[in-house]
Amino acid sequence: MSDRIRGLHHVTAISADPGENLRFYRDFLAQRLVKVTVNFDDPFTYHFYFGDAVGTPGTIYTTFPAPGGAPGTHGVAKIAGTAFAIPTGSLAFWRTRAESFGYAQTTRAARFGEDAITVIDPDGAVIELVESDAPPPDPGQRWLPSGVETSNAITRILGVSVRMRDASASAAYAEGTLGLDRVGADGPVERLLASDGISTLDVIEDPEAPIGRFGAGIVHHVAWQTRNDAELLAWRASVEAAGRQPTPLIDRQYFHSVYHREPGGVVYELATIDIGFTTDEEAESLGTALRLPPQHEPLRAQIAASLTPIESQGVWVPRSP
């Protein structure tokens, strides 16, 4: 096992209206809807996965849309923002696109010399579009829907930021246990870098921040890459040795994972990269039908009847045969 985490695997947020969620991440951000499934721990709630053409780790943003869910509260021990990499020179395109979709956008506060805007999703999640020369994890799997050229399209998730009243414990854990490198500070923000040289963790120290609470618009967890089960279990042992309380290995069908809380309270997941989203669906038809794990297939009729009807790329409605 490497003693340094390679990079980000995915980010998962809590949301509310499924249709608005699709409009923002699939239509506005131009990400492919690569999987429509359910929250394996709450199978009567959707779980959407967005990413490149096949959901390559490092491009994946996922949501739990639960209609009527109460809004969460941004603050301490929660993700302050998720940064997506956009090509250098494409910021004007995204400003115009946000305006055309009716989403307010603001210039993100200066950080490490980056040019970036912030767009708030319909539930209140903070999405940052950051100009970057970072390449896509798999250039052959770029997702380029109509109206979005290669020169403008999102390439990957660039990083996440966490907010803490005292940043020291979270930064020390990321460095000492996960093996991220400290690369510098910009005011109250300390940046750490994974071994891929791309994935960033920004720890924001904000002594006056309120306590964050889970709900719609709040990131539930951040997942970091591991190669396979052997490496995942080795990382689990390292996390446990650092005094955290990791879960057992959990089968999420498209990857295996272990969860724990880092010292500041943010939920981290360690997830394997050796399975993928084509295990139950052909690449060309990803995201076009409701997929359930084997343990929930006996409940398919009840689950489908309970979910808010949506159309996925115009070919699927969950209550239809």
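Residues numbered from 1 in each chain as written. Predicted model: local features only at pLDDT ≥ 70, side-chain atom pairs only at ≥ 80, totals over all residues. Heavy atoms only, no water.

### Quick look at the layout of surface pockets
(1) Moving on: Looking at the largest pocket, its volume works out to about 210 Å³.
(2) Moving on: Every residue lining the largest pocket is counted, 13 residues in all, and those nearest its centre are Asp41, Phe64, His221, Arg252 and Tyr259.
(3) Moving on: Those elements that place two or more of their residues in the lining of the largest pocket are strand S1 (8-15), strand S3 (42-51) and strand S13 (219-226).
(4) Moving on: For the lining of the largest pocket, the per-class residue count stands at 5 nonpolar, 6 polar and 2 charged.
(5) Moving on: Every residue lining the second largest pocket is counted, 13 residues in all, and those nearest its centre are Arg108, Ala109, Arg111, Glu128 and Ile204.
(6) Moving on: Elements that contribute at least two residues to the lining of the second largest pocket include exactly strand S8 (126-131) and strand S9 (156-164).
(7) Moving on: Its residues placed into classes, the lining of the second largest pocket shows 6 nonpolar, 2 polar and 5 charged. (1 Å grid on protein atoms, 1.4 Å probe; cavity = no way out; pocket = protein on both sides within 12 Å on 5 of 7 lines; lining within 4 Å. Points joined across faces, edges and corners; volume = space filled by probe spheres on them. Helix = DSSP H or I, 4+ residues; strand = E, 2+ residues; numbered from the N terminus. Nonpolar A, V, L, I, M, F, W, Y, C, P; charged D, E, K, R; others polar.)

### Points about the packing of helix H1 (residues 18-28) against helix H2 (residues 91-101)
In a pair of packed helices, the angle between the axes and the distance between the axes together describe the arrangement.
(1) Moving on: The N-to-C vectors of H1 and H2 enclose an angle of 150°; their axes lie 12 Å apart at closest approach. On the basis of the axis angle, H1 is roughly antiparallel to H2. Every pair of crossing elements has a handedness; the one defined by H1 and H2 is right-handed. In this structure, H1 uses Arg23, Asp27 and Phe28 to contact H2, whose residues at the interface are Trp94, Arg97, Ala98 and Phe101.
(2) Moving on: For the contact of H1 with H2, the per-class residue count stands at 4 nonpolar, no polar and 3 charged. (Axes fitted to C-alpha atoms, helices over the stretch in contact; angles between N-to-C directions. Parallel < 35°, antiparallel > 145°, perpendicular 65-115°, else oblique. Left-handed = near helix turned anticlockwise from the far one by under 90°. Contact = heavy atoms within 4.5 Å.)

### Description of the sheet that holds S3
(1) Moving on: Taken together, 8 strands build an open sheet; the order of strands is S2-S3-S4-S1-S13-S16-S15-S14 and the sheet is mixed. This sheet does not close on itself; its edge strands, each paired only once, are strand S2 (32-39) and strand S14 (250-251).
(2) Moving on: With respect to the sheet, helix H4 (residues 229-241) is in contact with S13, strand S15 (256-261) and strand S16 (267-272), its orientation differing from that of S15 by roughly 15°. (Pairing = 2+ DSSP bridges.)

### With respect to the pairing of S8
(1) Moving on: Most of S8 is tucked away, with 6 of its 6 residues classed as buried.
(2) Moving on: Residues Val126, Glu128 and Val130 line one face of S8 and the alternating positions Ile127, Leu129 and Glu131 line the opposite face, and both faces are buried.
(3) Moving on: Judged from the 5 bridges that link them, strand S5 (residues 78-86) and S8 form a sheet pairing that is parallel. Pairing of Ile86 across the sheet is with Glu131, part of S8.
(4) Moving on: With 5 bridges connecting them, strand S7 (residues 116-120) and S8 associate as antiparallel partners. If you follow Ile120 over to S8, its bridge partner there is Val126.
(5) Moving on: Between S7 and the antiparallel strand that follows it, S8, lie 5 residues; Gly124 among them carries a positive phi value of about 110°. (Buried < 20%, exposed > 50% of the residue type's maximum accessible area, 1.4 Å probe, protein only.)

### Comments concerning the pattern of salt bridges
(1) Moving on: Scanning the model with the defined rule gives 19 salt bridges in all.
(2) Moving on: In this structure, Asp280 engages Lys35 in a salt bridge whose closest nitrogen and oxygen atoms are separated by 2.7 Å. Highlighted residues: Asp280 in the loop between S16 and helix H5 (300-306) and Lys35 in strand S2, separated in sequence by 245 residues. (Salt bridge = Lys/Arg side-chain N within 4 Å of Asp/Glu carboxyl O.)

### Digging into unusual backbone geometry
Leaving glycine out, the prevailing phi sign among residues is negative, and the prevailing peptide bond configuration is trans.
(1) Moving on: We note that Ala30 has phi near 60°; this positive angle belongs to a residue other than glycine.
(2) Moving on: Along the chain, Ala30 turns up in the loop between H1 and S2.
(3) Moving on: Non-glycine residue Gln253 carries a positive phi angle of around 70°.
(4) Moving on: Here Gln253 is to be found in the loop between S14 and S15.
(5) Moving on: Classification of Gln253 as buried rests on a relative accessible area of 18%.

### Digging into the packing of aromatic side chains
(1) Moving on: Per the stated rule, a full pass over the model turns up 18 aromatic pairs.
(2) Moving on: Summarising the aromatic geometry, the rings of Phe48 and Phe50 are spaced 6.2 Å apart at their centres and angled 85° between planes, so their arrangement reads as edge-to-face.
(3) Moving on: Judged by relative accessible area, which is 0%, Phe48 ranks as buried.
(4) Moving on: An angle of 45° between the planes, with centres 5.8 Å apart, marks the rings of Tyr61 and Phe84 as tilted. In this pair, Tyr61 sits in strand S4 (residues 60-65) while Phe84 sits in strand S5, placing the two residues 23 residues apart along the sequence.
(5) Moving on: According to the relative accessible area criterion, Phe84 is buried, its value standing at 1%.
(6) Moving on: Joined through ring pairs, the aromatic side chains of Phe24, Tyr25, Phe28, Tyr46, Phe48, Phe50, Tyr61, Phe84, Phe93, Trp94, Phe101 and Tyr103 make up one cluster. (Phe/Tyr/Trp six-rings, centres within 6.5 Å; stacked < 30°, edge-to-face > 60°.)

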